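Each chain is listed here by its residues.
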Amino acid sequence: GGLKGEERREAKRIRQLFEKRRFALVSGIMLGVAAILLSDYYGLHSHGVVQDVLDLYVKQSHDVFEQSRRMFLESTTELLQLQRLLDFTPANTSEVYNNMDRPGLMLAAAGLRPKHPVVMVPGIVTTGLELWQGEECAKKYFRQRMWGTMTMVHNMLLNTRCWLRHMALNSSTGLDPDGIKLRSAQGFEAADFVLGGYWVWSKLIENLADIGYDPSTMHMAAYDWRLSFNKLQERDRFFSRAKKTIESLVKVNGEKAVIVSHSMGGNLILYFMQWVGDKDPQWVDRNVHSFVSIASPFLGTPKAISALLSGEAKDTAEMGLLGSLLDHHITPFERRKLFRSWGSSLAMLPRGGNKIWGDRGHPAPDISDANMSHMAAHVLHFADGVRMTTDEAIDYLLQKTVANKTDDGNLINYEDEWSHGVRVAPFKDGERTHNRTWANPLESRLPKAPNMTIYCMYGYGKESERGYFYANVTEVGSER
């Protein structure tokens, strides 16, 4: 792991830039203090003032300088966050575990060897996106990453407007903007690290390699996570290519595949299994041994509401330090516009409405504390006393965008591609469901695959965001 090649050069250039800024500020303060000291030194001595008065003056000047230095450091939260990215180079798994503790080595010592081919499906924001076509401001980054690696950090901080235009999708079509083309990186490097210090799949890849897996027995199904699932097939033929890849792995290895997904990747696989099953109902049972879902938000997350409503990005479990950089460097209005251009943002909206998340008469069922469960049943809380349940919040979010189709086209077209309801009627034999329900397990059936096993893995005891309080603020233009 760690920064390599161009990433190290980008890191060096950014270090030099900020070091120059620090040096210029500190040098300016030092020269100013020195000039004052020299002028006062000659003035003081010409009037016969004793040396200890000068010493006191120097000490006071030093105190002023130290205070200025502290104020400078306190005002550079963004630079300090960047320094964490530059300084933290992730250790290889072998450096974290000793030979006895690393799971892959222990399994290899116990005699385990590769059997089922493994297909890995990343989540939202964790696949690198490369520039294949762009505006003049970005042409020098051809085939470099606009998302992931230090090239992204360089552009986000120093070429923000250009970066935002390239990261956004067309707000009306949900596809590429005119003259701009970003595509997902390919191979294991597409999602092993997003950038230094933010590893994703690298440890799983290394531990699988310990027991004998290699590129002939495992595959990273990288994709452009900004697109809606329907647009992934329309633009990139992602599901068609995934189907062929899995069939090839099964044929070559003589065993069904194991699909391992993380975060939104699990929602994507649910959609994929519906898509392929719609054409060949037996395909999943023939080709997939098991589906392993790691922290997939099958029922969505309230965080999606606040992100689309007001551009919230800080302290998200998914984006970590990247979310913090976005929060400090890009305005909420700009973040909201960016998030709303991504069709994938809508895939994360809570599903099941009040039946799952609670309402005024029926508190949130997953919270044991009575007071907290009633509060959590309302996902939005406003200063004027208005509170909204999940159903009301989603309706509010969609209605707020009706008057502005240019900025919020994906929300205008929400009903064409997504659904967040609950089906109560039983399914009929041979019944085909609309593809807008395929990512919602409350409105679609599991694939017809009695021999497939599903494993769902989640963290436990970790506090999660359930609601948001909004204070009244003075509106300035459209940035609110």
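In this text, all values refer to a predicted model and were calculated from it rather than measured experimentally. (Residues numbered from 1 in each chain as written. Predicted model: local features only at pLDDT ≥ 70, side-chain atom pairs only at ≥ 80, totals over all residues. Heavy atoms only, no water.)

Draft legend 1. Region of the structure containing the overall build of the protein. Within the protein, the secondary structure is distributed over 20 helices and 13 strands. The burial tally for the protein puts 48% of its 480 residues in the buried class. If you take every contact in the protein between residues at least 6 apart in sequence, the share linking residues at least 24 apart comes to 74%. A total of about 24,200 Å² of accessible surface is found on the protein, and carbon and sulfur atoms cover 55% of it. (Helix = DSSP H or I, 4+ residues; strand = E, 2+ residues; numbered from the N terminus. Buried < 20%, exposed > 50% of the residue type's maximum accessible area, 1.4 Å probe, protein only. Contact = heavy atoms within 4.5 Å. Areas by Shrake-Rupley, 256 points an atom, 1.4 Å probe, with all protein chains shown as cover.)

Draft legend 2. Quick look at the side chain of Arg-340. In this structure, Arg-340 sits in helix 15 (residues 332–341). Judged by relative accessible area, Arg-340 falls into the buried class, the value being 3%. Of the polar contacts made by the side chain of Arg-340, one reaches the backbone oxygen of Leu-308; its length is 2.6 Å. (Polar contact = N/O pair within 3.5 Å; in protein donor to acceptor, adjacent residues only side chain to side chain.)

Draft legend 3. Quick peek at the state of the cysteines. Tallied over the entire structure, the rule returns one disulfide. A sulfur-sulfur distance of 2.1 Å marks the disulfide that ties Cys-137 to Cys-162. Taking the torsion about the sulfur-sulfur bond, which here is approximately 85 degrees, the covalent link between Cys-137 and Cys-162 counts as right-handed. With a gap of 25 residues between them, Cys-137 in the loop between strand 2 (129–133) and strand 3 (145–147) and Cys-162 in helix 7 (residues 160–167) connect regions that are remote in the sequence. Residue class for Cys-137 comes out partly exposed when judged on its relative accessible area of 27%. For Cys-162, a relative accessible area of 2% corresponds to the buried category. (Disulfide = S-S within 2.5 Å.)

Draft legend 4. Fine view of the nonpolar core. With 98 residues, the main nonpolar core has Trp-147, Trp-163, Met-167, Trp-225, Phe-229, Phe-272 and Leu-380 as its most contacted residues. If one sorts the elements of this core by residue count, helix 11 (residues 264–279) sits on top with nine residues. The residues touching Trp-225, leaving out its near neighbours within four places in the chain, are Gly-123, Ile-124, Val-125, Thr-126, Thr-127, Leu-129, Trp-147, Met-167, Met-264, Trp-342 and Ser-344. (Core = buried A, V, L, I, M, F, W, Y, C linked by side-chain atoms within 4.5 Å.)

Draft legend 5. Inspection of a nonpolar patch on the surface at higher detail. The grouping of Met-372, Met-375 and Phe-469 at the surface amounts to a nonpolar patch, some 330 Å² of accessible area in total. Along the chain, the position of Met-375 falls in helix 17 (residues 370–376). Exposure remark for Met-375: the relative accessible area of 39% places this residue in the partly exposed category. (Patch = residues over 30% accessible without salt bridge, like charges linked within 9 Å, V, L, I, M, F, W, Y side chains within 5 Å. Salt bridge = Lys/Arg side-chain N within 4 Å of Asp/Glu carboxyl O.)

Draft legend 6. Broad picture of helix 8 (residues 202–210). Listed in full, the buried residues belonging to helix 8 are Ser-202, Lys-203, Ile-205, Asn-207, Leu-208 and Asp-210. Positive phi shows up at Gly-212, right after helix 8, with a value of about 115 degrees.

Draft legend 7. Summary view of helix 13 (residues 303–310). Burial runs high along helix 13: eight of the eight residues are buried. Of all the residues in helix 13, the buried ones are Lys-303, Ala-304, Ile-305, Ser-306, Ala-307, Leu-308, Leu-309 and Ser-310. Directly after helix 13, the chain includes Gly-311, whose backbone phi takes a positive value near 75 degrees.

Draft legend 8. Just the packing of helix 9 (residues 229–236) against helix 11, in detail. Running from N to C, helix 9 and helix 11 point in directions that differ by 65 degrees, and their axes come no closer than 10 Å. Relative to helix 11, helix 9 is oriented roughly perpendicular. Remark: the crossing between helix 9 and helix 11 carries right-handed chirality. From helix 9, Phe-229, Asn-230, Leu-232 and Gln-233 reach across to helix 11, where they touch Met-264, Asn-267, Leu-268, Tyr-271 and Trp-275. In terms of residue class, the contact of helix 9 with helix 11 is built from six nonpolar, three polar and no charged. (Axes fitted to C-alpha atoms, helices over the stretch in contact; angles between N-to-C directions. Parallel < 35°, antiparallel > 145°, perpendicular 65-115°, else oblique. Left-handed = near helix turned anticlockwise from the far one by under 90°. Nonpolar A, V, L, I, M, F, W, Y, C, P; charged D, E, K, R; others polar.)

Draft legend 9. Representation of the packing of aromatic side chains. Under the definition given, this model contains 17 aromatic pairs. Measuring from centroid to centroid gives 5.2 Å for Phe-229 and Trp-418, while their planes differ by 70 degrees, and the two rings are edge-to-face. Residue Phe-229 is found in helix 9, and its partner Trp-418 is found in the loop between helix 20 (414–417) and strand 12 (453–457); the two are separated by 189 residues along the sequence. Taken together, Tyr-223, Phe-229, Phe-238, Phe-239, Tyr-271, Phe-272, Trp-275, Trp-283, Trp-418 and Trp-438 form an aromatic cluster joined through their ring pairs. (Phe/Tyr/Trp six-rings, centres within 6.5 Å; stacked < 30°, edge-to-face > 60°.)

Draft legend 10. Region of interest: the pairing of strand 9 (residues 288–294). Of all seven residues that make up strand 9, five are buried, and the element is covered over most of its length. Both strand 8 (residues 257–262) and strand 9 contribute to a ladder of six bridges, which runs parallel. In the sheet register, Ile-259 faces strand 9, and the bridge partner there is Phe-291. Judged from the five bridges that link them, strand 9 and strand 12 form a sheet pairing that is parallel. Paired with Ile-294 across the strands is Met-457, a residue of strand 12. (Pairing = 2+ DSSP bridges.)

Draft legend 11. Highlighting the sheet that holds strand 3. Strands sit in the order 3-2-4 across an open sheet of three strands; the sheet is antiparallel. Each edge of the open sheet carries a strand with a single partner, namely strand 3 and strand 4 (181–184). Each strand of the sheet is rotated relative to its neighbour by a mean of 45 degrees, with strand direction disregarded. Relative to strand 4, strand 2 runs antiparallel, the two being bridged by four bridges. Directly across from Leu-131, in strand 4, lies its bridge partner Leu-182.

Draft legend 12. The arrangement of the pattern of salt bridges in detail. Taken as a whole and assessed by the stated rule, the structure comprises 18 salt bridges. Taken together, the shared-partner salt bridges connect Asp-176, Arg-183, Asp-224, Arg-226, Arg-235 and Asp-236 into one network.

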